[in-house]
Amino acid sequence: MKIQNLKRILIILGILFLPCVFYLVLIQGKNHFKHLEVFGPKEALANGDTIYHTIPAFSLLNQEGKTVSDKELEGKIYVANFFFATCPTICPKMNFNVKGLTEKYIRDEQVKFLSFTVDPEKDSVEALAAYAKEMGADNKNWWFLTGNKDSIYTLARDGFLVPAAGGKTAADFFHSQDLLLVNKEKRIRGIYDGLDESDVKKLNDEIEVLEHEYIERETANK
């Protein structure tokens, strides 16, 4: 009898407290959900709001000769990097790592990948098409972009905050191995070493975190 009574008591306690435990788990999970920081200069307004740095408007050509501008990226998350097709050092390994990411998000319409050439004088549309083919890139989600050199360098320095120098050759550009994660509001939400496999994995994880951030926001607004 005592054993049966003990079982009944445990069952009753389980019924009473299980919902409470489940609720606490949900609350703790929500409170500890990671939100990515915003990179770049920001301005605090008198009303308590903050103006964050954003990527300015741009318009360039991709490897298919199609115009790609910030308009095509509205409502999208994207990863950006800077390279040149004849680079013999960091670019091949960096873009190999980018390729791995593009394959993971090939079916995700919300995520794009942009590789800006810093040597547009050599990296024509045709040259980038050949490079994209060599990389095995999918033209739907990975765009190699070329255009006016001054515009690209200004975009790199002032938009993506990548250090650059206006030298005579692409090698004079302090081309970075950084991969930059940009959100739907055109803000930089992460900077990663494109040669470091652990950092590339972190980027992959934080793309998912950023997508979850939008899901959470949409759910809260319902």
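Residues numbered from 1 in each chain as written. Predicted model: local features only at pLDDT ≥ 70, side-chain atom pairs only at ≥ 80, totals over all residues. Heavy atoms only, no water.

What should I look at first to understand the pairing of strand S8 (residues 178-182) in this one?
When you tally the buried positions in S8, you get 4 out of 5 residues, the bulk of the element. Note that strand S5 (residues 77-83) and S8 share 3 bridges and pair antiparallel. Across the sheet, the residue bridging to Ala80 is Leu180, located in S8. The pairing of S8 with strand S9 (residues 188-193) spans 5 bridges and is classified as antiparallel. Residue pairing in the sheet places Leu180 in a bridge with Ile191 of S9. Counting the residues that bridge the hairpin from S8 to S9 gives 5 residues, and of these Lys186 lies at a positive phi of roughly 70°. (Buried < 20%, exposed > 50% of the residue type's maximum accessible area, 1.4 Å probe, protein only. Helix = DSSP H or I, 4+ residues; strand = E, 2+ residues; numbered from the N terminus. Pairing = 2+ DSSP bridges.)

I would appreciate a short explanation of empty space enclosed by the protein in the present structure.
Over the atoms, a rolled probe matching the size of one water molecule traces out where space is still vacant. According to the stated counting rule, one finds 1 cavity of 30 Å³ or more in the structure shown. Around the largest cavity sit Ile55, Phe58, Asp70, Leu73, Glu74, Lys76, Tyr78, Asn183, Lys184 and Lys186, which together line it. In the lining of the largest cavity, the residues fall into 4 nonpolar, 1 polar and 5 charged. (1 Å grid on protein atoms, 1.4 Å probe; cavity = no way out; pocket = protein on both sides within 12 Å on 5 of 7 lines; lining within 4 Å. Points joined across faces, edges and corners; volume = space filled by probe spheres on them. Nonpolar A, V, L, I, M, F, W, Y, C, P; charged D, E, K, R; others polar.)

Please explain the pairing of strand S6 (residues 111-117) as it appears in this structure.
Sheet faces and side chains relate simply in a regular strand, where the side chains alternate between the two faces. Most of S6 sits inside the fold, with 7 of its 7 residues counted as buried. The side-chain alternation of S6 yields two buried faces, one formed by Val111, Phe113, Ser115 and Thr117 and the other by Lys112, Leu114 and Phe116. Pairing of S5 with S6, which is carried by 7 bridges, proceeds in the parallel orientation. For Phe82, the partnering residue across the bridge sits in S6 and is Phe116. Between S5 and its parallel partner S6, the chain crosses via helix H2 (residues 90-104), and the hand of that crossover is right-handed. Judged from the 4 bridges that link them, S6 and strand S7 (residues 142-145) form a sheet pairing that is parallel. Bridge assignment links Phe113 to a residue of S7, and that residue is Trp142. Between S6 and its parallel partner S7, the chain crosses via helix H3 (residues 125-135), and the hand of that crossover is right-handed. (Right-handed = clockwise from strand over helix to strand, strands pointing away.)

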